[in-house]
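Chain by chain, the residues run as shown.
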Amino acid sequence: MTNLDDWLEIGKIVAPQGLSGELRVYPVSDFPERFEVPGKRWLLRLDGTEPQPIELLTGRYISNKNLYVIKLAGVENCDQAEALRGCKLMVPASDRPQLGEDEYHVLDLIGLEVFMQASGELVGTVVDIIPAGNDLLEVKFHESFANDKGQMTNDKKQKTVLIPFVEAIAPVVDLKSNRIEITPPPGLLEINNS
């Protein structure tokens, strides 16, 4: 069994496109070159445990559908394309594009602890990133924070809050220390208990 931690999923094949073996891919990568620049990619089949190398020949973006249409070597017709429905496109985790200074990989942010910059108080942990105009960090409140604020609801279910991932609100992202410091505007962390 291969260790899938060594791989990054970049997209999922959702359907054939046309009759010549082209494929529609729903991207989970922000990097267009993953789908547009020819070269080697890896395919994880539905029943597969190990990604198989495959050659990307061409790719183009269809903006109104947020899809890429790609052509893979050896996929010549609609039937062959249909057989790949649901497969995932992968690249080795080591193949991460170099990031600019204020760019982060989503995977690097999940699990980071979130602190109030002013007080140093632990707010919670990043459990998900929601892509929007500005990405949103979904932060699960730490128990003590929820209790302090009287925000633990009767059912004791830990709540999450969405925090816009912008420099004004999350000025410090320290991957080495596994922490994000936030300066939320008033009201952002209030839980609506109604």
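Structural notes, computed from the coordinates. (Residues numbered from 1 in each chain as written. Predicted model: local features only at pLDDT ≥ 70, side-chain atom pairs only at ≥ 80, totals over all residues. Heavy atoms only, no water.)

**Section: the environment of Trp 42**
Along the polypeptide, Trp 42 turns up in strand E3 (residues 39-44). Of the residues examined, Trp 42 reaches a relative accessible area of 17% and is grouped as buried. Discounting residues that sit within four places of it in the chain, Trp 42 has contacts with Trp 7, Pro 51, Gln 52, Pro 53, Ile 54, Lys 88, Leu 89, Met 90, Val 91 and Pro 92. (Helix = DSSP H or I, 4+ residues; strand = E, 2+ residues; numbered from the N terminus. Buried < 20%, exposed > 50% of the residue type's maximum accessible area, 1.4 Å probe, protein only. Contact = heavy atoms within 4.5 Å.)

**What to know about the sheet that holds strand E10 (residues 160-164)**
The mixed open sheet is built from 6 strands, whose spatial order is E10-E9-E8-E7-E12-E11. The open sheet has two edge strands, E10 and strand E11 (172-174), and neither has a second partner. The average undirected angle you get between the axes of adjacent strands in this sheet is 30°. Pairing of strand E8 (residues 122-130) with strand E9 (residues 136-141) involves 6 bridges; the strand directions are antiparallel. Looking at E9, one finds that Val 126 is bridged to Val 139. (Pairing = 2+ DSSP bridges. Axes fitted to C-alpha atoms, helices over the stretch in contact; angles between N-to-C directions.)

**A few points about the packing of aromatic side chains**
Across all of its chains, the model carries 4 aromatic pairs by this definition. The interplanar angle of 45° and the centroid separation of 4.8 Å between the aromatic rings of Tyr 61 and Tyr 68 together place this pair among those described as tilted. Note on Tyr 61: relative accessible area 37%, which makes it partly exposed. Judged by centre distance (5.5 Å) and plane angle (15°), the ring pair of Phe 141 and Phe 145 falls under stacked. Side by side, Phe 141 and Phe 145 carry an identical accessibility label, which is buried. Taken together through their ring pairs, the aromatic side chains of Phe 35, Tyr 61 and Tyr 68 make up a single cluster. (Phe/Tyr/Trp six-rings, centres within 6.5 Å; stacked < 30°, edge-to-face > 60°.)

**Some details on unusual backbone geometry**
Here the phi dihedral of Asn 66 falls at roughly 50°; this positive angle occurs in a residue that is not glycine. Tracing the backbone shows Asn 66 in the loop between strand E4 (52-62) and strand E5 (67-72). Even without a glycine there, the phi angle at Asn 178 is positive, about 60°. As for its position among the elements, Asn 178 is in the loop between E11 and strand E12 (179-182). Residue Asn 178 is classed as partly exposed on the basis of its relative accessible area of 37%.

**Some thoughts on the sheet that holds strand E1 (residues 7-17)**
Ordered by their spatial adjacency, 6 strands build a closed barrel running E1-E2-E5-E4-E3-E6, and the pairing between neighbours is antiparallel. The sheet shows a mean angle of 50° between the axes of neighbouring strands, taken without regard to direction. Note that E1 and strand E6 (residues 88-92) share 5 bridges and pair antiparallel. Within E6, the residue paired with Trp 7 across the bridge is Pro 92.

**So, the nonpolar core**
Nonpolar side chains tend to gather and get buried jointly when the protein is soluble and globular. Counting residues in hydrophobic clusters, the biggest one holds 19 residues, and the most contacted among them are Leu 109, Val 126, Leu 137, Ile 163, Ile 180, Ile 182 and Leu 189. Excluding residues within four positions of it along the chain, Ile 182 makes contact with Val 114, Phe 115, Met 116, Gln 117, Val 123, Ile 163, Ile 169, Ala 170, Pro 171 and Leu 189. Residues Leu 23, Val 25, Ile 54 and Val 91 belong to the second largest nonpolar core, which totals 18 residues. (Core = buried A, V, L, I, M, F, W, Y, C linked by side-chain atoms within 4.5 Å.)

**Concerning the pairing of E12**
Strand direction decides the pairing type here: strand E7 (residues 113-116) and E12, joined by 4 bridges, are parallel. Bridging across to E12, Glu 113 finds its partner in Arg 179. Two elements, E11 and E12, share 3 bridges in a ladder whose sense is antiparallel. Considered in E12, the bridge of Val 172 is made with Glu 181. Taking the residues between adjacent antiparallel strands as the criterion, E11 and E12 are bridged by 4 residues, where Asn 178 takes a positive phi near 60°.

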